[in-house]
Amino acid sequence: MIFSSPIFSAAELIGTVAFAVSGAMVAIQKRMDLFGVLFLGVITACGGGMLRDLMIGRIPPNALVHPLNLGVAALVGLIVFVLARMMKERYLNSTETVNHIFNIFDAVGLGVFTVTGAQAAIDAGYAGNGLLVLSMGVITAIGGGLIRDIIIVEVPFVLTKHIYAVASILGGLAFYGLYLLGLVPVYTVLAGTVLTFIVRVLATIFKWDLPRAIE
Amino acid sequence: MIFSSPIFSAAELIGTVAFAVSGAMVAIQKRMDLFGVLFLGVITACGGGMLRDLMIGRIPPNALVHPLNLGVAALVGLIVFVLARMMKERYLNSTETVNHIFNIFDAVGLGVFTVTGAQAAIDAGYAGNGLLVLSMGVITAIGGGLIRDIIIVEVPFVLTKHIYAVASILGGLAFYGLYLLGLVPVYTVLAGTVLTFIVRVLATIFKWDLPRAIE
Amino acid sequence: MIFSSPIFSAAELIGTVAFAVSGAMVAIQKRMDLFGVLFLGVITACGGGMLRDLMIGRIPPNALVHPLNLGVAALVGLIVFVLARMMKERYLNSTETVNHIFNIFDAVGLGVFTVTGAQAAIDAGYAGNGLLVLSMGVITAIGGGLIRDIIIVEVPFVLTKHIYAVASILGGLAFYGLYLLGLVPVYTVLAGTVLTFIVRVLATIFKWDLPRAIE
């Protein structure tokens, strides 16, 4: 068992599917070929967790030891590829719908990976180190998107748009706070995931942005 | 000894030379200075293996413990630099020849690093984990080029051109399959390297590409 | 204790402040929002040390275990943000002064991180491996800037401008040479830091560059 509770393994799987969709959609938009779509789906889904695992000493990274998540991410990438290929022009002409779908999946991934990342640090024995718990949540949640955007040579979405990482920090704080209060996983996971998701979605809808030093 | 058989150490040295050439050539094309040429040669040659070593827990990474490969990569970078400086205009006017040379060296590096990467995972005790063996082959083979292209701010060649990574996956499968069948290194190494090399070269010549969802 | 002598902890803190300033200034120039400024400040200040820690097996990376440096980097980023916001037009119209400040802080960070990086390798038990000691110095010193520039999608400053990394290599050699001769930290730290700083500053003033193969 990787996680102390199966709830987290289930959550990690949900996040894997969600981020694989977002990664594959970006690759299709960039006109990458089938391998590029699968690779970007897999690295978006598994990259954050791999960075986290390197940092907490879970070596080799879980994604390379247990093939389930990586296989699911590749399969999801393939499905997105086939759907986009079938839709062709309709896919290209539905920019708004495509953006909505991207944002929903991406927000789901952000929410669940925030709590699984934080939990991975707790399970690795660092429950007493709040900085590490929170930063592993954020790194797991934004790491995959960061690597994805670096690969497609764009300034990372996760650092520039609509308080993306702030949503993950808030969700991580909620998760960790409730954990310290002794709540069972089902509540801490729900609270952390839902808070991250809601903040991320509201920020996108209302275009919330943090202030800039110089506009 | 890093590898269980000297054949792999020899192969890693060949791959180091080949990728140092490819990295140095890219740096020269980007008009980097001498340090940039040496750095890009070294990181292209050693970067994939360093990523791999971090993931299989061989810490510090081999390239920083045994100076041979890193020294050879720097020396090769220097030789490429001096040759290009001597040729000047002739270098610039021979785009096609330069591309051919780049592709040959790059294909050699891809082939040998696919098998040394896979073998490193086997030697680290993960022979029974096919996903890890294959992914260490691919990461070693394409990691250096990935880091090289991220540094020069281009969408990675290895993810977009002519089934580059697919060649490495096929070669890795051949290597690992023959290994499981009990063949001795000399055959597994040759099979994996040559298959990767041939697929990569044929794909470049015939411009094989995987399908795209939307052209 | 992380370092064998408090001098190195003090130096790491100075370098953290210096690189947090340089990272935050780059983020402001790129019109990032408050989170982006804090993130780029923190990653520039702590990224090189985190890369180093992963490579010498100090896991989790020190920056995530001891909150001091990360907290200081975030605070420094906030101060730079507030100052720039107060100055507005004056900040934008003082390009030359802004560049001077950036270069001074960046040179300080480069100098102290060269020696703390080398010392971290020594404290981890690799004093006898000159390649590892020197490369940990260089990676700590240029790693943060490298990650910073990759994130903002620019060809890394540290690889292209005014013998930046060469300054770190020279300072590292001075530090390690004096260490091998048995000098106490206060002298080795000063020598390594000051030499790196001076070479970096002189190279910027006099626009020293290494030769290029093709201009």
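Chains are numbered independently. Their residues run from 1 in the order of the written sequence. Labels follow written order: the first chain is A, the first ligand is 1, and so on. Owing to the predicted nature of the model, reporting of local features is limited to residues with pLDDT of at least 70; listing and counting of side-chain atom pairs is limited to 80 or more, with chain, interface and lining totals taken over all residues. Side-chain measures here rest on the full set of heavy atoms in the structure, leaving out hydrogens and waters.

**Q** Looking at this structure, I do not really get the overall build of chain A. What am I missing?
**A** For chain A, the helix and strand inventory stands at 10 helices and 0 strands. Secondary structure is summarised from DSSP: a helix means a run of H or I of at least four residues, a strand means a run of E of at least two, and numbering begins at the N terminus for each. Counted from the first residue to the last, chain A has its helices and strands arranged as α-α-α-α-α-α-α-α-α-α. Two things to know: the radius of gyration comes from C-alpha atoms, and the globule rule equals 2.2 Å times the number of residues to the power 0.38. Computed over the C-alpha atoms, the radius of gyration of chain A is 17 Å, within 12% of the 17 Å expected from 2.2 N^0.38 for a compact globule of 215 residues. By its C-alpha atoms, chain A is 50 × 45 × 30 Å across when sized along the principal axes. Remark: exposure states derive from per-residue accessible area (1.4 Å probe, protein chains only) relative to the maximum for the residue type, with buried under 20%, exposed over 50%, and partly exposed in between. By residue count, 57% of the 215 residues in chain A fall in the buried class. For this analysis, residues touch if any pair of their heavy atoms sits within 4.5 Å. Considering only contacts within chain A whose residues lie at least 6 apart along the sequence, 75% involve residues at least 24 apart. In chain A, 12 positive and 11 negative side-chain charges are present, and the distance between their average locations comes to 5 Å. Charge counting treats Lys and Arg as positive and Asp and Glu as negative, with His and both chain ends excluded. One atom stands in for each charge, and that atom is NZ of Lys, CZ of Arg, CG of Asp or CD of Glu.

**Q** Any chance you could explain the interface of chain B and chain A here in plain terms?
**A** For an interface, size is often stated in terms of accessible area lost upon the parts coming together. Each side of the interface is counted separately: chain B has 29 residues, and chain A has 28 residues. Summed over both partners, buried area is the accessible surface (1.4 Å probe) that two parts give up on being assembled. Between chain B and chain A, roughly 2400 Å² of surface is buried when both sides are summed, and carbon and sulfur atoms account for 75% of that area. For chain B, the biggest contributors to the area lost against chain A are Leu159(B), Ala213(B) and Ile214(B); these three give 28% of the whole. Salt bridge, as used here: a side-chain nitrogen of Lys or Arg that lies within 4 Å of a carboxyl oxygen of Asp or Glu. Taken together, the connections running from chain B to chain A amount to 0 salt bridges. Counting of polar contacts relies on pairs of N or O atoms within 3.5 Å, with two restrictions inside protein: one atom must be capable of donating a hydrogen and the other of accepting it, and residues adjacent in sequence are counted only when both atoms are side-chain atoms. On the surface where chain B and chain A come into contact, there are 4 residue pairs in polar contact (both at pLDDT 80 or more). Looking at the side of chain B that touches chain A, the elements that each hand over two or more residues are helix H2 (34-56), helix H7 (130-151), helix H8 (157-160) and helix H9 (164-180) of chain B.

**Q** Sorry if this is basic, but what is going on with the relation of the copies chain C and chain A here?
**A** Between the two copies of the chain lies a relationship made up of a rotation around an axis and a movement along it. Each copy superposes on the other: chain C lies on chain A with an RMSD of 0.0 Å after a rotation of 120° and an axial shift of 0.0 Å. What the rotation and shift describe, once combined, is the action of a three-fold rotation axis. Closest approach to the rotation axis among the C-alpha atoms of chain C is made by Val153(C), whose C-alpha sits 3.7 Å away. When the interface residues of chain C are mapped onto chain A, a mere 14% of them again lie at the interface, so each copy presents a different face. Only residues with pLDDT of at least 70 in both copies count here: their C-alpha atoms drive the least-squares fit that superposes the copies.

**Q** Just checking my understanding: could you explain the relation of the copies chain B and chain A for this structure?
**A** Expressed as a screw operation, the relation of chain B to chain A combines 0.0 Å of axial shift with a rotation of 120°, fitting to an RMSD of 0.0 Å. Comparing interface residues between copies, only 14% of those in chain B also lie at the interface in chain A; the contact surfaces differ.

**Q** Can you walk me through helix H4 (residues 67-87) of chain A in this structure?
**A** Residues lying three or four places apart along an α-helix face the same way, a consequence of the helix completing one turn every 3.6 residues. Every helix has an expected span of 1.5 Å times one less than the residues it contains. The first and last C-alpha atoms of H4(A) sit 30 Å apart over 21 residues, in line with the 30 Å expected at 1.5 Å per residue. Taken together, the buried positions of H4(A) are Asn69(A), Leu70(A), Ala73(A), Val76(A), Gly77(A), Val80(A), Phe81(A) and Ala84(A). Relative to the axis of H4(A), the buried residues are bounded by an arc of 140° and lie together on one face. Those residues of H4(A) that are exposed and aimed more than 90 degrees away from the buried face are Leu68(A), Leu75(A) and Met86(A). Where H4(A) is buried, its residues contact helix H1 (6-29), helix H2 (34-56), helix H3 (62-65) and helix H5 (89-92) of chain A together with H7 of chain B. Backbone geometry just after H4(A) places Lys88(A) at a positive phi near 40°. To be clear, the arc concerns the directions from the helix axis to the C-beta atoms.

**Q** Please explain the interface of chain C and chain A as it appears in this structure.
**A** Between chain C and chain A, the residue contacts involve 28 residues of the former and 29 residues of the latter. Between chain C and chain A, a total of about 2400 Å² is buried, with carbon and sulfur atoms accounting for 75% of that surface. Together, Asp33(C), Phe35(C) and Leu64(C) form the three largest contributors to the area buried by chain C at its contact with chain A, with a combined 26%. Linking chain C to chain A there are 0 salt bridges. At the boundary of chain C and chain A, one finds 5 residue pairs in polar contact (both at pLDDT 80 or more). Ranked by residue count, the leading element in the side of chain C that touches chain A is helix H2 (residues 34-56) of chain C, at 6 residues. Residues belonging to the side of chain C that touches chain A are distributed by class as follows: 23 nonpolar, 1 polar and 4 charged. Under the scheme applied, nonpolar residues are Ala, Val, Leu, Ile, Met, Phe, Trp, Tyr, Cys and Pro; charged residues are Asp, Glu, Lys and Arg; polar residues are all the others, including Gly.

**Q** Even after reading the chapter, I still don't get the environment of Phe105(A), so can you show me in this structure?
**A** Residues and elements named next belong to chain A. Relative to the assigned elements, Phe105 resides in helix H6 (residues 95-126). Residue classification places Phe105 among the partly exposed positions, given a relative accessible area of 30%. Phe105 sits 91 residues away from Ile14 along the chain, and the two C-alpha atoms are 9.8 Å apart. Excluding anything up to four places from it in sequence, Phe105 contacts Ala18 and Val21.

**Q** For this particular structure, what's the right way to read the confidence of the model for chain A?
**A** Reading fine detail from the predicted coordinates is not recommended where pLDDT is low. Known as pLDDT, the predictor's confidence for each residue is given on a scale from 0 to 100. Averaged over every residue, the pLDDT of chain A is 91; residues scoring 70 or more account for 99%. Our summary of model confidence lists the complex with pTM equal to 0.92 and ipTM equal to 0.88.

**Q** Help me out: how do you make sense of the pattern of salt bridges in this one?
**A** Pairs may arise between side chains of opposite charge once their charged atoms sit close together. All names here are of chain B. Counted according to the given criterion, the structure contains 21 salt bridges over all chains. Between Glu12 and Arg52 there is a salt bridge, and its shortest N-O distance comes to 3.4 Å. Taken as a pair, Glu12 in helix H1 (residues 6-29) and Arg52 in helix H2 lie far apart in primary sequence, 40 residues in all. You can call Glu12 buried: its relative accessible area is 7%. Under the relative-accessibility criterion, Arg52 is labelled buried at 1%.

**Q** I would appreciate a short explanation of the environment of Asp209(C) in the present structure.
**A** Residues and elements named next belong to chain C. Secondary-structure assignment places Asp209 in the segment after helix H10 (185-205). The class of Asp209 is partly exposed, set by a relative accessible area of 37%. Residues Asp209 and Ile163 lie 46 residues apart in sequence; the distance between their C-alpha atoms is 5.8 Å.

**Q** What is the right way to look at the nonpolar core in this model?
**A** With 205 residues, the main nonpolar core has Ile142(A), Ile142(B) and Ile142(C) as its most contacted residues. Apart from residues no more than four positions distant in its own chain, Ile142(B) is found in contact with Phe39(A), Leu110(B), Val158(B), Tyr164(B) and Ala165(B). What makes a nonpolar core is a set of buried Ala, Val, Leu, Ile, Met, Phe, Trp, Tyr and Cys residues whose side-chain atoms join them at distances within 4.5 Å.

**Q** Hey, could you run me through the side chain of Thr16(C) in this one?
**A** All names here are of chain C. Here Thr16 is to be found in helix H1 (residues 6-29). On the accessibility criterion, Thr16 (1% relative accessible area) is buried. Among residues more than four places away in sequence, those in contact with Thr16 are Ala45, Asn69, Ala73 and Phe113.

**Q** How should I be thinking about the packing of H2(C) against helix H6 (residues 95-126) of chain C in this particular structure?
**A** Residues and elements named next belong to chain C. Lines fitted to the C-alpha atoms define the axes, with helices restricted to the stretch that makes contact. Angles between their N-to-C directions range from 0 to 180 degrees. Orientation of H2 relative to H6, taken along the N-to-C sense of each, is 20°, at an axis distance of 11 Å. Classified by the angle between their axes, H2 and H6 sit roughly parallel to one another. Handedness of the crossing formed by H2 with H6: right-handed. Of the residues in H6, those touching H2 at Ala45, Arg52 and Ile56 are Phe113, Thr116, Gly117, Ala120, Ala121, Ala124 and Tyr126. For the contact of H2 with H6, the per-class residue count stands at 7 nonpolar, 2 polar and 1 charged. The cut-offs work like this: below 35 degrees is roughly parallel, past 145 is roughly antiparallel, 65 to 115 is roughly perpendicular, and the gaps in between are oblique. Note on convention: near helix rotated counterclockwise from far helix by under a right angle means a left-handed crossing. Clockwise means right-handed.

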